[in-house]
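# Reading the structure
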Amino acid sequence: MRAARYYGQQDVRIEDIEPASVGPDDVRVAVTACGICGSDLGEYVGGPVTIPDEPHPVTGEELPVTMGHELTGKVSEVGSNVDIDIGTRVVVNPIIWCGNCQYCDEGLYRLCSSGGFVGLSGGGGGFAENLVVSAEKVVPLPEAVPSEFAALVEPFTVGVHAVAQSGLDAGDAVAVYGGGPIGQTVLQSALAAGAGPVYVSEPQATRRALAAEYGADEVIDPLEVAPVEYITSETNGGVDTVFEVAGVEQTVNQALRTTKSGGTGIIVSIFEEGVEINPNDVVMPERAVVGTAAYEGGPLSAREFGTTLRNFATGVFNPKPLVTSRIALDDIVEEGFEALLDRDREEMKVLVEP
């Protein structure tokens, strides 16, 4: 089968590989679509970051690996122990877990000490015609959720989990730094949780417009308006909760300073290298800083994915405006990775359809 394989920085190759075999507890998923994530783009530009360059402790795989973890498809083959119908439409929860560490024992599969993600840590990937995953990773789609947008269930669940980790209450003031795909899912999740007012700081005009369309109370161009000063003035000292989703040093520091004393800053971004902060921005105002990278996984794979699917089905979440391009697997480099890096293209979410 055809698959996009990651060899290193700006080195993704379309190759013919042997499909994995299906074990007794596995399913094969024929991929319908797979989104290019910001973490995929980070690996392409500056990796390997999370992609293993030596055998992964769970998958045993190392470079090159098949990429892609935001995926949906149909079950085409099942193992002898699996009770799911062929043809079932599913999304894949890509959390990889060992089952032997203290975090897995406690049901915190996303924090597994040897964990990772399908499409980054081995274990197959969605930038391929099909992949084989353990059965607990597939979550069936409700009839009300169309297949054409189901690949966005994974990134929306990142937003769902980030808001859950923040502990925000209805009526809390919120700021979101970064209006890319994950920033938009965080925005929708915060609004669904009753946050308000919600401010979004984003330099790109099309992304500001989308945030406004989704319901942000105010969108700010940080190249024209100083976001920290403006938001803290409008909120009498800062917001209750801030989400950093841009992944640069400047926005990390802006996010911290936008949070009120005693408030909470959530860092959602994955960084290619370290950034500097002034610890006094945390210590003196007694701000809390929380990291969040994923969502519930393992035997709990359907829990937060289920929240997203319900919000898709009821219209609380609207994934459609995020999709800006649909491309073939053979075009993943030029029309996918390179297009997303070209600011003039103003791409948001590119879906690869093998």
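That block above? That's the structure.
### Quick notes on the pairing of strand β9 (residues 130-134)
Of all five residues making up β9, five are buried, and the element is well covered by its neighbours. Alternating positions in β9 separate into two faces, N130, V132 and S134 on one and L131 and V133 on the other, with burial throughout. Taken together, the five bridges between strand β3 (residues 26-35) and β9 define a ladder with antiparallel strand orientation. What sits directly across from V29, in β9, is L131.

### Re the packing of aromatic side chains
Scanning the entire structure with this criterion turns up six aromatic pairs. Each ring, one from W97 and one from Y109, has its centre 4.7 Å from the other, and the planes form 65 degrees; the classification is edge-to-face. In this pair, W97 is assigned in the loop between β7 (95-96) and α2 (102-105) and Y109 in the loop between α2 and β8 (116-117), connecting sequence segments 12 residues apart. By relative accessible area, which is 23% here, W97 ends up partly exposed. The buried category is assigned to Y109, whose relative accessible area is 13%. Aromatic pair Y295 and F305: ring centres 5.2 Å apart, planes at 75 degrees, arrangement edge-to-face. Within this pair, whereas Y295 is found in the loop between β16 (288-291) and α9 (301-314), its partner F305 is found in helix α9, the two being separated by 10 residues in sequence. Given a relative accessible area of 0%, Y295 falls into the buried group.

### Structural notes on the pattern of salt bridges
Within this structure, the stated rule accounts for 14 salt bridges. Of the charged contacts in the structure, one is a salt bridge between E70 and K349, with a shortest N-O distance of 2.8 Å. Of this pair, E70 sits in strand β5 (residues 70-78) while K349 sits in strand β18 (residues 349-352), placing them 279 residues apart in sequence. A residue is classified by how much of its surface remains accessible, and K349, at 3% relative accessible area, is buried.

### Digging into α9
Helix length check: α9, at 14 residues, gives a terminal C-alpha distance of 21 Å against a target of 20 Å (1.5 Å per residue), a fit within 8%. Regarding α9, the residues found buried are S301, E304, F305, G306, T308, L309, N311 and F312. Two residues or fewer after α9 comes G315, characterised by a positive phi angle close to 85 degrees.

### Some thoughts on unusual backbone geometry
Here L63 and P64 are connected by a cis peptide whose omega angle stands at -5 degrees. Residue position: P64 is located in the loop between α1 (38-46) and β4 (65-66). Backbone torsion omega between G196 and P197 reads 0 degrees, so that peptide bond is classified as cis. Summarising the element assignment, P197 is placed in the loop between α4 (181-192) and β12 (198-201). Despite not being glycine, N236 has its phi angle at roughly 60 degrees, a positive value. Following the sequence through the fold, N236 ends up in the loop between α6 (227-234) and β14 (239-244). Among the residues examined, N236 registers a relative accessible area of 77% and is labelled exposed.

### Section: the sheet that holds β16
The parallel open sheet is built from six strands, whose spatial order is β13-β12-β11-β14-β15-β16. Single-partner strands in this sheet number two, and they are β13 (218-220) and β16. Sheet twist, expressed as the average angle between the axes of neighbouring strands with direction ignored, equals 15 degrees. Sheet topology note: the strand β11 (residues 174-177)/β12 ladder contains four bridges and is parallel. By the bridge assignment for β12, V176 is matched with V200. Of the strands in this sheet, β14, β15 (259-267) and β16 are in contact with helix α3 (residues 153-166), which crosses β14 at around 145 degrees. Sitting on the sheet, α6 is in contact with β11, β12, β13 and β14, with an inclination near 160 degrees to β13.

So, how was this worked out
- Residues numbered from 1 in each chain as written.
- Predicted model: local features only at pLDDT ≥ 70, side-chain atom pairs only at ≥ 80, totals over all residues.
- Heavy atoms only, no water.
- Buried < 20%, exposed > 50% of the residue type's maximum accessible area, 1.4 Å probe, protein only.
- Helix = DSSP H or I, 4+ residues; strand = E, 2+ residues; numbered from the N terminus.
- Pairing = 2+ DSSP bridges.
- Phe/Tyr/Trp six-rings, centres within 6.5 Å; stacked < 30°, edge-to-face > 60°.
- Salt bridge = Lys/Arg side-chain N within 4 Å of Asp/Glu carboxyl O.
- Expected span 1.5 Å × (residues − 1).
- Axes fitted to C-alpha atoms, helices over the stretch in contact; angles between N-to-C directions.
- Contact = heavy atoms within 4.5 Å.

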